[in-house]
Amino acid sequence: MKSRHPNNRPQPEAVEIEQIRSLFLAFMPSSIMSAGFIASGIIIFLRTQDAIMLGLLLAGGLASIMRLAVAWMLAPMAAQERLTLREARLLERRFAWPYLTFAVMLGLFGLRAFMLPAPDVHMLTACLLIGYCGGVAVGMGLRLWIAVPAMIVSTAPGILMAATNVDPVYWVMSALVASLLLGGSRSLQHRHARSVKDI
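First, a word on what this report is: a plain description of the structure on this page.

Now for the nonpolar core. Grouped together as the largest cluster of nonpolar side chains are 48 residues, with contacts concentrated most on Phe95 and Tyr132. Those elements giving two or more residues to this core turn out to be α1 (11-21), α2 (27-48), α3 (51-78), α4 (85-115), α5 (119-140), α6 (144-163) and α7 (168-198). Examining the composition of this core, we find that 13 residues originate from one element, α4, more than from any other. If we skip the residues at most four places from it in the chain, Tyr132 touches Met33, Arg67, Tyr99, Phe102, Ala103, Leu106, Ala150 and Ser154.

See below:
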């Protein structure tokens, strides 16, 4: 006989529902990231006057606002006591699209930033990308299919572009960030496995 959660759901279903609910508990970190992205984008555009960066700032800002709006609207539904697994998965998919869209825009933003001949821009962008991955790991870590792709698509373009720089400092930075990304992904997998046992 299957073990059951106190609300009479089979335990695997109850665990997955709680994992999906955790996505909607990271509104404040996501808001901070959105503000940081917009502030960084404005500073970089003022510094470089690069039209492509302006376009990516506008597109990324819009995607970021959309992901916050979707999370805000769906959170009350996710918190409902009688939420079924089917309903939870639907909410998760609706949440994932704008979330991953912003990750893609951030990746393109990082790619363009490292194409510009401005070391101060590179420094700010690296901080932005690492901060984003840290936020993903904390807020989305229980849903690997969202967290891991978001971390990869947001950082990989910038890492690869930085690695093409002739300065060895950029090679080390790229290798370091890639190693952190790999290690973070492995840690998320272990955390996910542990959460299944603990919830």
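This part takes up the pattern of salt bridges. Taken as a whole, this structure holds 6 salt bridges when the rule is applied. Linking Arg143 and Glu16 is a salt bridge whose minimum nitrogen-to-oxygen distance equals 3.4 Å. A residue pair is termed long-range when its members are at least 10 positions apart, and Arg143 in the loop between α5 and α6 and Glu16 in helix α1 qualify at 127 residues. Between Arg143 and Glu92 there is a salt bridge, with its nearest N and O atoms 2.5 Å apart. Residue Arg143 is found in the loop between α5 and α6, and its partner Glu92 is found in helix α4; the two are separated by 51 residues along the sequence. The residues Arg143 and Glu92 share a single accessibility class, namely buried. When salt bridges with common partners are traced through the structure, they connect Glu16, Arg89, Glu92 and Arg143 into a single cluster.

A separate point is the layout of surface pockets. Taken as a whole, the largest pocket spans an internal volume of roughly 170 Å³. Among the elements that take part in the lining of the largest pocket, α5 stands out by supplying 8 residues, more than any other. For the lining of the largest pocket, the residue count by class is 10 nonpolar, 5 polar and 1 charged.

α6 packs onto α4 with a crossing angle of 10° between their chain directions and a minimal axis gap of 7 Å. One element, α4, and the other, α6, form an angle in the roughly parallel class.

Moving on: α5. Over its 22 residues, α5 runs 31 Å from end to end, which matches the ideal 32 Å to within 8%, given 1.5 Å per residue. All buried positions along α5 are accounted for by Val121, His122, Thr125, Ala126, Leu128, Leu129, Tyr132, Cys133, Val136, Gly139 and Met140.

A word on empty space enclosed by the protein. One pass over the full model with this rule turns up 2 cavities of 30 Å³ or more. Size it by volume and the largest cavity reaches roughly 70 Å³. Of all the secondary structure elements, the ones that give two or more residues to the lining of the largest cavity are α5, α6 and α7. Considering every element that reaches the lining of the largest cavity, the biggest residue donor is α6, with 4 residues. Residue classes in the lining of the largest cavity are distributed as 8 nonpolar, 3 polar and no charged. Here the second largest cavity defines a volume of roughly 60 Å³. Elements that contribute at least two residues to the lining of the second largest cavity include exactly α2, α3 and α4. Sorting elements by how many residues they give to the lining of the second largest cavity places α3 first, with 3 residues. Its residues assigned to classes, the lining of the second largest cavity comprises 8 nonpolar, 1 polar and 1 charged.

Scoring rules and cut-offs
Residues numbered from 1 in each chain as written. Predicted model: local features only at pLDDT ≥ 70, side-chain atom pairs only at ≥ 80, totals over all residues. Heavy atoms only, no water. Core = buried A, V, L, I, M, F, W, Y, C linked by side-chain atoms within 4.5 Å. Buried < 20%, exposed > 50% of the residue type's maximum accessible area, 1.4 Å probe, protein only. Helix = DSSP H or I, 4+ residues; strand = E, 2+ residues; numbered from the N terminus. Contact = heavy atoms within 4.5 Å. Salt bridge = Lys/Arg side-chain N within 4 Å of Asp/Glu carboxyl O. 1 Å grid on protein atoms, 1.4 Å probe; cavity = no way out; pocket = protein on both sides within 12 Å on 5 of 7 lines; lining within 4 Å. Points joined across faces, edges and corners; volume = space filled by probe spheres on them. Nonpolar A, V, L, I, M, F, W, Y, C, P; charged D, E, K, R; others polar. Axes fitted to C-alpha atoms, helices over the stretch in contact; angles between N-to-C directions. Parallel < 35°, antiparallel > 145°, perpendicular 65-115°, else oblique. Expected span 1.5 Å × (residues − 1).

These figures capture arrangement, not role.
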